[in-house]
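# Understanding the architecture of this molecule
Listed below, chain by chain, are the residues.
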Amino acid sequence: MTLRLYDTMAREKRVFKPQDPSRVTMYVCGPTVYNYAHIGNARPPVVFDVLRRLLGHIYGEDAVIYARNITDVEDKIIASSLESGEAIADITRKYADIYNADMASLNVRAPDIEPWATKHIQGMIRIGESLKRKGYAYVTKDGLYFQVDQMDDYGKLSGRKQEDNEAGARVAVDEGKRNPSDFAIWKFAKEGEPEEAIWDSPWGRGRPGWHIECSAMIKAELGDTIDIHGGGIDLTFPHHENEIAQSECAHGETLANYWLHNGFLDMEGEKMSKSLGNVKLVHDLAKDWPGEVLRYALLSGHYRAPLDWTRSLLEQSKTSLDRIYGALRRVWGDGNVEPDDRHGVRAKLMDDLNTPLALAELHALASEANKAADEKNERAMETVRNMLVDAGSALGILSMTPAQWEQGGDDDDSARIDAMVQARVEARANKDWAEADRIRNELAAEGIEIMDGGGGSTWRRV
RNA sequence: GGCCCUGUGGCGGAGUGGUGACGCAGCGGAUUGCAAAUCCGUGUACCCCGGUUCGAGUCCGGGCGGGGCCUCCA
């Protein structure tokens, strides 16, 4: 079974071959930490978390090194600090913590390495010096710039030629640049900017440009050439194009062998934007929906396709998970799970992370589980339970026990409900249907659904 | 203006050229004290027009519709 990934550079699916199977490297562009993450921001971490899990399964957990950075120096962070008076380090620490907590609520495992941009300033300066020495960079009154026409294959990732960019694009206002497409490697500090965001460099005091941080962190943490580089589709140009330009011109090596990009989220059919007021924060969504519902919704479409984020999508995702957890409950037994990978979920993921097909496989397992339970086939129940849990872990769902999923919440309240359900079981045994129905109705009124089965009754919050 | 992606049943969403996944919703049946849950069954879906082919949702061309990027937005 081979892993195939769609490579943006090649514009086709390619069989994945790491440079070194004992050290598989992946880098994904992480957040700029100055506010809460919205659900669109969560798509890359979730998608690449699935890939990280898959790579770990194929090559061994310890053989994969996944880095996701924190951008903690940037214009908007500086603006936020100047406005609130809060120290930059405090702002970035706070929002990085919130980001990681939000991602954890979506069952996103922490990356193996989380480099912070400001810890890599010297590495950025070294790349800048190298580029300047080799004639790829020049100094203006505003900073150090990369000269794109010095690089023969600039634009190879996004497939755009320089002429194309200039045709109808907004014109860059910086007259100091030799070409409008030239971009900043280092920006000189301006009057009034906080000392916290200023470093010395051979060219003058200032701070790094956006693209250089990833070049430096990849070099320092993972090496000259990494296996996989990922991020949102919007980063293809200019961000990743410029990373390639800097890294490859400075080091003379290919930056990444596979480029993966996820598609955007729409909100109820519209573009998500502040002006439309339809930005949904993970932090807020998590108050109304279990994290696994949000994750299921994100994985319900293929990662490269646009995904329309709607209320209906969330409701359907919730119902689907209810069905799967319900099946898991019926085969749960004593809950001693021995992960069993004899299922089809990973095979579907091997084809460019086809999560919709993988979820279809999961539903097939749920059907098997229900059938095994109907037939009271103990061996089949045990096997399918082990497969369900393993399949879920491949996708980062089914991380709870069925009881936690269906009855999670206030323990005292659960005890009260258990008692009522037990009372109803006794009423039914006495054929006191009026009392049995009364209890069921009372529980239904507070959102508790009772499920009667051969072996007794159970309940869940709906 | 340039580059790129996309258009499948009521909804979401797969699909290697050959009797159209899967889930949600609906309908029928089984089961149930009645329900729920579950199981079984069930759907005149592939934007339009040409072309290639024995055969196209699947390839090619042209339309129409939607979306993204074109300097710091996942």
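Computed from a predicted model, the values in this text were never measured in an experiment.

Once that is clear, we can look at the overall build of chain A. For chain A, the count of helices and strands is 16 helices and 15 strands. C-alpha atoms of chain A, sized along the principal axes, occupy 90 × 50 × 40 Å. In chain A, buried positions account for 53% of the 462 residues. Expressed as a percentage of contacts within chain A between residues at least 6 apart in sequence, the contacts between residues at least 24 apart total 76%. Looking at chain A as shown, the accessible area adds up to about 21,100 Å², and 47% of this sits on carbon and sulfur atoms.

Bringing the sheet that holds strand 11 (residues 265–267) into the picture now. In space, the three strands of this open sheet follow the order 12-11-13, with mixed pairing throughout. A strand with exactly one partner marks an edge of an open sheet, and here the two such strands are strand 12 (270–271) and strand 13 (307–309). Where helix 1 (residues 39–59) meets the sheet, its contacts fall on strand 11 and strand 13, and the angle it forms with strand 11 comes to roughly 155 degrees.

In terms of domains, chain A is made up of domain 1 (18–262), domain 2 (267–405) and domain 3 (407–461). Here the C-alpha centroids of domain 2 and domain 3 sit 27 Å apart. Each partner contributes to the interface: domain 2 provides six residues, whereas domain 3 provides five residues. Buried surface at the junction of domain 2 and domain 3, summed over both partners, amounts to about 410 Å²; 39% is from carbon and sulfur atoms. Of all residues in domain 2, Asp322, Arg329 and Ala403 give up the largest surface area on contact with domain 3, accounting jointly for 68% of the area buried on that side. Seen at the junction of domain 2 and domain 3, the total is zero salt bridges. Those elements that place two or more of their residues in the side of domain 2 that touches domain 3 are helix 10 (311–330) and helix 14 (402–407). Take the side of domain 2 that touches domain 3: its biggest share by element is four residues, from helix 14.

Bringing the sheet that holds strand 9 (residues 226–232) into the picture now. One open sheet holds the four strands; their spatial order is 4-3-9-10, and the pairing between them is parallel. Looking at the sheet topology across the chains shown, the edges are occupied by strand 4 (64–68) and strand 10 (256–262). Averaged over all pairs of adjacent strands, the angle between their axes in this sheet comes to 20 degrees, without regard to strand direction. In the sheet, strand 9 pairs with strand 10 via six bridges, with the strands oriented parallel. Among the inter-strand pairings, Gly231 is bridged to a residue of strand 10, identified as His261. Helix 1 contacts strand 3 (24–28), strand 4, strand 9 and strand 10 of the sheet and is inclined by roughly 175 degrees relative to strand 3.

Calculation criteria
- Residues numbered from 1 in each chain as written.
- Chains lettered and ligands numbered in written order.
- Predicted model: local features only at pLDDT ≥ 70, side-chain atom pairs only at ≥ 80, totals over all residues.
- Heavy atoms only, no water.
- Helix = DSSP H or I, 4+ residues; strand = E, 2+ residues; numbered from the N terminus.
- Buried < 20%, exposed > 50% of the residue type's maximum accessible area, 1.4 Å probe, protein only.
- Contact = heavy atoms within 4.5 Å.
- Areas by Shrake-Rupley, 256 points an atom, 1.4 Å probe, with all protein chains shown as cover.
- Pairing = 2+ DSSP bridges.
- Axes fitted to C-alpha atoms, helices over the stretch in contact; angles between N-to-C directions.
- Domains from an automatic or database assignment.
- Buried area = accessible area lost by both parts, 1.4 Å probe.
- Salt bridge = Lys/Arg side-chain N within 4 Å of Asp/Glu carboxyl O.

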